[in-house]
Amino acid sequence: MKNKYFIGCCFIMCSTQALSQAKQNKIAKWFTDHNISIRKSFTGSSKDEGKPAVFFWNKDFQNKTSYTTIDVGLKVAQIPFFNNSKHFIVTGFPKFEWHKDGAKGSTGAKNSISAGANMEVLYFKDPASLTNIQGPALTASYNYKNDYIKKVNTNEVNAYLSYFGEKAGMPGHSIRNKTDVYRFRYYPYIGFESYSKATEGSQNSQFWVARFFAEYFPISTKEKQFLQFTFDYSYRGVIHDKLYKMGTMNVVSAGINIYPNGTPNFGFGIDYQKGYDPANSFVKTDKFDVGIKVKL
Amino acid sequence: MPTKNEVQLHVLNIVHAFTGIIVTDLLNKFFTTALKDPPLSMDDTGLGFMTLSLRGYIKNERPEKTIIVTEVRKPGLTVSGLVDLVFSKLK
């Protein structure tokens, strides 16, 4: 097992370093020019769009297994609406996601593909003001998910409300160091989630959700970001739970991402997650992951 | 119609309001830095709100014109590029 850890980490570090800065920029530009974004997930909140997609080798302590994991979301184009509105920004985009791990015969195994759409609404009461920049940010999402492990298709709808402000201490405010380098940002969310079996709508669950996300870049220069810490926590309270029958649930995850070339497009990282995994039908996990990160 | 320098100053004041970085530093140190890249590192939510500030300025000068959020959120758009973009709307 120790040899597996060593071999896995060496391969990941060598493979990311093998991509030169120019090559990384070329790949990133191709995705930008074709209006395609890659992240860990597009569940409908900024915190998820801040996380890179992951290709991991995992150690799951809860379910006593080791396996590879793919967590990738693909956003194709972003469509803006009401482009003459003085107070609203409204956008939508289609998305596709694939969440898989190779843990066979374990309760932690997952393999699901989903397709859906996201919508975003920002409201700015007084856009002429440069001293009172703040307003609510609403994101909503619909997914049709096919879970190949549990052999069930579900319709998933969620909506999260957050807030943005540029005064010190407010969500979304960029905390910088003395040389104006960006260091820290956080967002809280409250929201609602609904899950229902596609073939049997009476089997459904609804939760109210409280979430918190923060990211911190302790090692950055004026042009490059080398190290990122992420933290997020979600609490789900039951409104109605006929589908999962899990009761209240929470999940916490923390990550360390290293970008050797200083750009957050390609790197490697370590993630730890404990709790009920929403990407895996709320299976209880206690996971430690090491792998490649991609954010385009 | 405002001059390029007037547009530049107004845009820099808006970027300053959203980043906290003073205008002279935006002009002298970060003028060719992309809004989403370090050290500015603006996220899509902040850029969305900033779009509304820019749109208000543009419509004040040219009511028939607008600026779209996907233009402001485009990866690689620099401070300089944003000034040029807004100026192109006001020509």
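Above this note sits the structure.
Residues numbered from 1 in each chain as written. Chains lettered and ligands numbered in written order. Predicted model: local features only at pLDDT ≥ 70, side-chain atom pairs only at ≥ 80, totals over all residues. Heavy atoms only, no water.

Trainee: Tell me about the side chain of A:Gln225, and please be specific about residues and values.
Mentor: In this structure, A:Gln225 sits in strand E12 (residues 225–241). Polar side-chain contacts of A:Gln225 include one of 3.1 Å to the side chain of B:Ser41. Contact partners of A:Gln225, with chain neighbours within four places excluded, come to A:Tyr182, A:Phe217, A:Ile219, A:Ser220, A:Tyr259, A:Gly262, A:Thr263, A:Pro264, B:Pro38 and B:Ser41. (Helix = DSSP H or I, 4+ residues; strand = E, 2+ residues; numbered from the N terminus. Polar contact = N/O pair within 3.5 Å; in protein donor to acceptor, adjacent residues only side chain to side chain. Contact = heavy atoms within 4.5 Å.)

Trainee: If you had to explain the environment of A:Phe96 to someone new, which residues and values would you point to?
Mentor: All names here are of chain A. Locating Phe 96 in the fold gives a position in strand E5 (residues 88–101). Residue classification places Phe 96 among the partly exposed positions, given a relative accessible area of 43%. Excluding residues within four positions of it along the chain, Phe 96 makes contact with Val 72, Gly 73, Leu 74, Val 76, Ser 114 and Ala 115. (Buried < 20%, exposed > 50% of the residue type's maximum accessible area, 1.4 Å probe, protein only.)

Trainee: I'd like a description of the nonpolar core, backed by residues and values.
Mentor: Counting 49 residues, the largest nonpolar core has B:Val11, B:Phe18, B:Leu35, B:Met50, B:Leu54, B:Leu82 and B:Val86 as its most contacted members. Elements that contribute at least two residues to this core include exactly strand E8 (152–165), strand E10 (182–197) and strand E11 (204–220) of chain A together with helix H1 (4–19), helix H3 (44–61), helix H4 (69–72) and helix H5 (79–90) of chain B. Apart from the residues lying within four places of it in its own chain, the contact partners of B:Val86 are B:Val7, B:Val11, B:Leu54, B:Tyr57, B:Ile58 and B:Ile67. Among the nonpolar cores identified, the runner-up in size contains five residues, and A:Ile38, A:Ala53, A:Phe266 and A:Val294 belong to it. (Core = buried A, V, L, I, M, F, W, Y, C linked by side-chain atoms within 4.5 Å.)

Trainee: Break down the environment of A:Ile38 for me, citing the residues and quoting the values.
Mentor: In this structure, A:Ile38 sits in strand E1 (residues 36–39). For A:Ile38, a relative accessible area of 11% corresponds to the buried category.

Trainee: Give a detailed account of the interface of chain A and chain B, specifying residues and quantitative values.
Mentor: Across the contact, 40 residues belong to chain A and 32 residues belong to chain B. Between chain A and chain B, a total of about 2800 Å² is buried, with carbon and sulfur atoms accounting for 59% of that surface. Among the salt bridges present, the one from B:Asp43 reaches A:Arg185, with a minimum N-O distance of 3.8 Å. Put simply, chain A and chain B have 14 residue pairs in polar contact (both at pLDDT 80 or more) between them. Elements supplying a minimum of two residues to the side of chain A that touches chain B: helix H3 (46–49), E5, strand E6 (111–123), strand E7 (134–147) and E10 of chain A. Residue contributions to the side of chain A that touches chain B peak at four residues, all from E7(A). Taken together, the residues of the side of chain A that touches chain B break down into 16 nonpolar, 13 polar and 11 charged. (Buried area = accessible area lost by both parts, 1.4 Å probe. Salt bridge = Lys/Arg side-chain N within 4 Å of Asp/Glu carboxyl O. Nonpolar A, V, L, I, M, F, W, Y, C, P; charged D, E, K, R; others polar.)

Trainee: I'd like a rundown of the pattern of salt bridges, residues and numbers included.
Mentor: Scanning all chains against the criterion turns up 12 salt bridges over all chains. A salt bridge links B:Arg73 to A:Glu120; the shortest N-O distance between them is 2.7 Å. Remark: A:Glu120 occurs in strand E6 and B:Arg73 occurs in the loop between H4 and H5; the pair is interchain, linking two chains. Residues B:Arg73 and A:Glu120 agree in their burial class; the two are buried. Measuring nitrogen to oxygen at the nearest pair gives 3.3 Å for the salt bridge that ties A:Glu156 to A:Lys145. With A:Glu156 in strand E8 and A:Lys145 in strand E7, this residue pair connects regions lying 11 residues apart in the sequence. The pair A:Glu156 / A:Lys145 is uniform in exposure class, with both members buried. One connected set of salt bridges, linked through shared partners, spans A:Arg185, A:Glu215 and B:Asp43.

Trainee: Hey, could you go over the packing of aromatic side chains for me, with residue numbers and the actual values?
Mentor: Residues and elements named next belong to chain A. Counted according to the given criterion, the structure contains 15 aromatic pairs over all chains. One aromatic cluster in this structure is built from Phe 184, Tyr 186, Phe 212 and Phe 231. The positively charged end of Arg 211 is found above the aromatic ring belonging to Tyr 160, 4.5 Å away from the centroid. (Phe/Tyr/Trp six-rings, centres within 6.5 Å; stacked < 30°, edge-to-face > 60°. Lys NZ or Arg CZ within 6 Å of the ring centre and 35° of its normal.)

Read these as geometric descriptors, not functional statements.
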